[in-house]
Amino acid sequence: MVLSIIKIGGNVIDNPDKLDAFLKQFAEIPSPKILVHGGGKLATKLSAQLGIETHMVDGRRITDKATLDLVTMVYAGLINKQIVAKLQALDCNAIGLSGADANIIPAHKRLPTPIDFGFVGDIVPDEINIAAITTLLQSGITPVFCALTHDSKGSMLNSNADSIASALAQSLSALFEVHLVYCFELPGVMKDIEDSASLITDITPIIYNQLRADGIISKGMIPKIDNAFAAIRKGVKCVIIKSSDNLANNIGTTIHL
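Description of the structure in this document.

Structural notes on the overall build of the protein chain
Across its full length, the protein chain carries seven helices and 14 strands. For a compact globule of 257 residues, the expected C-alpha radius of gyration is about 18 Å, and the protein chain comes in at 17 Å, within 12% of that figure. When burial is assessed residue by residue, the protein chain has 50% of its 257 residues classed as buried. Taking contacts inside the protein chain between residues at least 6 apart in sequence as the whole, the part at least 24 apart equals 72%. In the protein chain, 22 positive and 25 negative side-chain charges are present, and the distance between their average locations comes to 2 Å.

Next comes the structure, spelled out in structure tokens:
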């Protein structure tokens, strides 16, 4: 059975019209499905309004205690529940979750060397509670995960949404034919984001290394593609990076080994 795991992020969440159009397409997917969402842009905006300075390294947020409290409210609260409410209106019976709920995604707080990322969690796919996820899917309920995990010691942890989607895909590939889709506002990985004809349709490890060396792939795209390769190596059937506007087609950047 095919399981679609779709991560949505970028400017789509900040654009009500784009988000509504994407969720309509997502709700129409007939197979079991999981949605993973980020929310970094809104978190960054609210951080500035509250005087909490944002620090990023290679597309990853450094999370101190104040930032952790903020992203917990934004990711697990505002964004997650808005998405779930919209899906219910589209007759998609969804449930909003963080990794702490039902102990679905425990994580390990990242070691402070060489960079101290603070309250950031790294996920081991084998530790994901796939029994809880399978129970929801078999009940016709669509899980909607925000970008938060927990350390099993009482603390939430900020985890990259791309990493969560990849880890879920890896763990569930033992039970399903998993299709992992990273959706954002562009047609895929671009040589020039201003030129729609510059779409890179296929990326292998060799091509990826060259694109990084040339500075074409940088910042937040780095963890996205790293996670895509991790998923493919662990048995995920296919991984594609594409626009949220056309969820039903296969136009985008496909990741290959």
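Concerning helix α4 (residues 130-138)
Count 3.6 residues to each turn of an α-helix, and residues three or four apart come out pointing the same way. Considered for burial, the residues of α4 that qualify are A132, I133, T134, L136 and L137. Along its buried surface, α4 packs onto β1 (2-8), β2 (33-37), β5 (94-97), β8 (142-145) and α5 (161-172). Just downstream of α4, G140 is the residue with a positive phi angle, here 80°.

A look at the sheet that holds strand β13 (residues 238-243)
Read from one edge of the open sheet, eight strands run β5-β8-β2-β1-β11-β13-β14-β12, paired in mixed fashion. Of all strands in the sheet, those bounded by a partner on one side alone are β5 and β12 (202-203). In the sheet, β1 pairs with β2 via five bridges, with the strands oriented parallel. Opposite I6, over in β2, you have L35 as the bridge partner. Relative to the sheet, helix α1 (residues 16-27) contacts β1, β2, β8 and β11 (177-184), its axis offset from that of β2 by approximately 160°.

Comments concerning the pattern of salt bridges
Inspection of every chain in the model, using the stated rule, returns seven salt bridges. The residue D20 makes a salt bridge to K86 at a minimum N-O spacing of 3.0 Å. Of this pair, D20 sits in helix α1 while K86 sits in helix α3 (residues 65-89); the two residues are 66 residues apart in sequence, bridging distant segments of the chain. The class of K86 is partly exposed, set by a relative accessible area of 31%. For D162, the salt bridge is made with K224, and the minimal N-O distance between the two is 3.3 Å. Of the two residues, D162 sits in helix α5 while K224 sits in helix α7 (residues 221-233), which places them 62 residues apart along the sequence. Residue D162 is classed as buried on the basis of its relative accessible area, which comes to 4%. One network of salt bridges, in which partners are shared, links K7, D162 and K224.

Quick notes on α1
Look at α1: 16 Å from first C-alpha to last across twelve residues, which is about the 16 Å you get at 1.5 Å a residue. Among the residues of α1, those classed as buried are L19, F22, L23, F26 and A27. Seen end-on, α1 carries its buried residues on one side only, within an arc spanning 130°. On its buried side, α1 packs onto β1, β2, α3, β8 and β11. Two or three places before D17, at the opening of α1, N15 has a side-chain oxygen 3.1 Å from that residue's backbone nitrogen.

With respect to the packing of α1 against α3
Two elements in contact, α1 and α3, have axes whose closest approach is 10 Å; the angle formed by their N-to-C orientations is 55°. Relative to α3, the element α1 is oriented oblique. Between α1 and α3 lies a crossing whose hand is right-handed. Every residue of α3 that contacts α1 at L19, D20, L23, F26 and A27 is listed here: I83, K86 and L87. By residue class, the composition of the contact of α1 with α3 is six nonpolar, no polar and two charged.

Concerning the environment of C146
With respect to the helices and strands, C146 occurs in the loop between β8 and β9 (148-150). Beyond its immediate sequence surroundings of up to four residues, C146 is in contact with H37, Y75, A76, N80, L97, S98 and I164.

Here we look at the layout of surface pockets
Here the second largest pocket is characterised by a volume of approximately 380 Å³. What lines the second largest pocket is a set of 17 residues, among which V181, L247, A248, N249 and N250 lie closest to the centre. Mapped onto the lining of the second largest pocket, the elements with two or more residues apiece are β1, β11 and β13. Here the lining of the second largest pocket gets four residues from one element, more than from any other, and that element is β13. Looking at the lining of the second largest pocket residue by residue, the class counts come to nine nonpolar, six polar and two charged.

The rules behind the values
- Residue positions are given per chain, counted from 1 along the sequence in the order it is written.
- Under the rules for a predicted model, residues below a pLDDT of 70 receive no local features and side-chain atom pairs below 80 are neither given nor counted, while totals for whole chains, interfaces and linings still include all residues.
- Side-chain metrics in this entry use all non-hydrogen atoms of the structure; hydrogen atoms and water are not considered.
- Helix and strand definitions follow DSSP, with helices as H or I runs of at least four residues and strands as E runs of at least two, each counted in order from the N terminus.
- Restricting the calculation to C-alpha atoms gives the radius of gyration, and the globule rule supplies 2.2 Å times the number of residues raised to the power 0.38.
- Accessible area is worked out with a 1.4 Å probe on protein chains only. A residue is then buried under 20% of its type maximum, exposed over 50%, and partly exposed in between.
- When checking whether two residues touch, look at their non-hydrogen atoms; a contact exists if any pair is within 4.5 Å.
- The charge count treats Lys and Arg as positive and Asp and Glu as negative. His and the chain ends do not count.
- A single reference atom marks each charge: NZ on Lys, CZ on Arg, CG on Asp, CD on Glu.
- Strand pairing follows a simple DSSP-based rule, namely that at least 2 bridges must link the two strands.
- Here, axes are lines fitted to C-alpha atoms. For helices the fit covers the stretch in contact, and angles between N-to-C directions go from 0 to 180 degrees.
- Each reported salt bridge corresponds to a side-chain nitrogen of Lys or Arg within 4 Å of a carboxyl oxygen of Asp or Glu.
- Between the first and last residue of a helix there are one fewer steps than residues, each counted as 1.5 Å, and that sum is the expected span.
- Think of the arc as the fan of directions from the helix axis to the C-beta atoms.
- Two N or O atoms form a polar contact when they lie within 3.5 Å of each other; inside protein one atom must be a possible hydrogen donor and the other a possible acceptor, and for residues adjacent in sequence the pair counts only when both atoms belong to side chains.
- Each angle is binned into one of four classes, with values under 35 degrees roughly parallel, values over 145 roughly antiparallel, values of 65 to 115 roughly perpendicular, and all other values oblique.
- Throughout, a crossing is termed right-handed when the near helix is turned clockwise from the far one, and left-handed when it is turned anticlockwise from it by less than a right angle.
- Only Asp, Glu, Lys and Arg are considered charged in this grouping, and only Ala, Val, Leu, Ile, Met, Phe, Trp, Tyr, Cys and Pro are considered nonpolar; every other residue, Gly among them, is considered polar.
- Within this scheme a cavity is a closed region of a 1 Å grid, computed over the protein atoms alone, that accommodates a 1.4 Å probe without allowing it to escape, whereas a pocket is open but has protein on both sides within 12 Å along at least five of seven lines; lining residues each have an atom within 4 Å of a point.
- Grid points are joined across faces, edges and corners, and a volume is the space filled by probe spheres set on the points.

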